[in-house]
Amino acid sequence: MLIECLLFTASLIFTSDISSPLKINETHDDIHLLHPGQFHGDEVIANAEQLEWYGLFTNDKGSYIEKTKIKIDAIYDVILDEDSTIRSGKFISIKNDDICITLISGLKLIEGSIDAILPSKYYLDPGEKMEFTLSNQTYFFEASGIKSDTVFQEWRDIIDYKLFFNKNNDPSKKQLLMSEAYLEGSIGGIIWIGDLNRDKKPDLIMNLSNHYNRGNTTLLISGDSENGELVKKVAELNTTGC
């Protein structure tokens, strides 16, 4: 996504074994994410305008899902295009004025209102914990790591950062969502928590970029995933700023 110089978007990856590195091959080729705004040309799949999209929206009444048509216009990419006559960038627009959390293609979703929780924290520093309840079950996010002496604007670099997800504070239900040896001027973010697939279990949309100028928005879905994971990674959107 092109935002005029610095970009702070998302990155999230998941694993079932809290001692192993994160799996990066869990996405499904037929499930895609987008959101309204500007992108570098290669960040948007070629046939995006022909796909069926569901928008996840939020307003003062809560979150809801709605089938959504997207429009793609070619635009001048101030980072990559040599001059304004070259229009390699893409601009995604939709006809809905509510806040669009994300656009999802490839999942059969049911339109209408859905249960959602406003995260009390967007990101967790090492040592911090965030709790929420969904369908009478309690879930936790918990972060570990070491803050370095390097500061980028208000962001402090972090060494050996890990973000865990847990149910009912049960060690057997502890899942590693993110593991990064070094976070450069960035930290993972919890964008949205809710019941996207209506199974009374939390689904997550997260921002866990390891660099201030890169994004990786990832969708994790609950359900009957292998090895008893709480959530399973099904899609991601990789973007770059400058």
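Our subject is the structure that appears above.
S.K.: Describe in detail the layout of surface pockets, supporting the description with residues and values.
M.R.: Of the volumes computed, that of the largest pocket is approximately 240 Å³. Looking at the largest pocket, it is lined by 16 residues, and the ones nearest its centre are His32, Glu43, Ile45, Glu236 and Leu237. Where the lining of the largest pocket is concerned, the elements lending two or more residues are β1 (32–34) and β17 (232–240). Top contributing element to the lining of the largest pocket by residue count: β17, with four residues. Among the residues forming the lining of the largest pocket, the class breakdown is eight nonpolar, four polar and four charged.

S.K.: How would you summarise the pairing of strand β15 (residues 203–207) if you had to cite specific residues and measurements?
M.R.: Among the five residues in β15, five count as buried, and that is most of the element. Side chains Asp203, Ile205 and Asn207 project from β15 onto one buried face, and the interleaved Leu204 and Met206 project onto a second face that is buried too. Looking at chain direction, strand β14 (residues 189–194) and β15 are connected through five bridges and run antiparallel. Considered in β15, the bridge of Gly194 is made with Asp203. Alignment of β15 against strand β16 (residues 214–221), held across four bridges, turns out to be antiparallel. Paired with Leu204 across the bridge in β16 is Leu220.

S.K.: Tell me about the nonpolar core, and name the residues and values.
M.R.: Formed by 30 residues in total, the largest nonpolar core has its most connected members in Leu34, Leu56, Ile70, Leu103, Leu196 and Leu219. If you list the elements that add at least two residues to this core, you get β1, β3 (53–59), β4 (62–68), β7 (99–105), β16 and β17. Once you skip the residues sitting within four places of it in the chain, Leu196 turns out to touch Leu56, Ile65, Ile104, Leu109, Ile114, Asp203, Leu219 and Ile221. Formed by 22 residues, the second largest nonpolar core is a distinct cluster that contains Tyr161, Leu163, Leu204 and Val231.

S.K.: Can you explain a nonpolar patch on the surface? Please cite residues and give values.
M.R.: Nonpolar side chains collect at one region of the surface, where Val78, Ile79 and Leu80 lie side by side and expose about 250 Å² of accessible area between them. Inspection of the secondary structure puts Val78 in the loop between β5 (71–75) and β6 (89–93). For Val78, a relative accessible area of 41% corresponds to the partly exposed category.

S.K.: Quick one: what's the story with unusual backbone geometry, residue by residue and with numbers?
M.R.: Of note, Asn136 is a non-glycine position whose phi angle comes to about 65 degrees, a positive value. Relative to the assigned elements, Asn136 resides in the loop between β10 (129–134) and β11 (137–152). Non-glycine residue Arg198 carries a positive phi angle of around 60 degrees. Along the polypeptide, Arg198 turns up in the loop between β14 and β15. A relative accessible area of 32% means that Arg198 is categorised as partly exposed.

What counts, and at which threshold
Residues numbered from 1 in each chain as written. Predicted model: local features only at pLDDT ≥ 70, side-chain atom pairs only at ≥ 80, totals over all residues. Heavy atoms only, no water. 1 Å grid on protein atoms, 1.4 Å probe; cavity = no way out; pocket = protein on both sides within 12 Å on 5 of 7 lines; lining within 4 Å. Points joined across faces, edges and corners; volume = space filled by probe spheres on them. Helix = DSSP H or I, 4+ residues; strand = E, 2+ residues; numbered from the N terminus. Nonpolar A, V, L, I, M, F, W, Y, C, P; charged D, E, K, R; others polar. Buried < 20%, exposed > 50% of the residue type's maximum accessible area, 1.4 Å probe, protein only. Pairing = 2+ DSSP bridges. Core = buried A, V, L, I, M, F, W, Y, C linked by side-chain atoms within 4.5 Å. Contact = heavy atoms within 4.5 Å. Patch = residues over 30% accessible without salt bridge, like charges linked within 9 Å, V, L, I, M, F, W, Y side chains within 5 Å. Areas by Shrake-Rupley, 256 points an atom, 1.4 Å probe, with all protein chains shown as cover. Salt bridge = Lys/Arg side-chain N within 4 Å of Asp/Glu carboxyl O.

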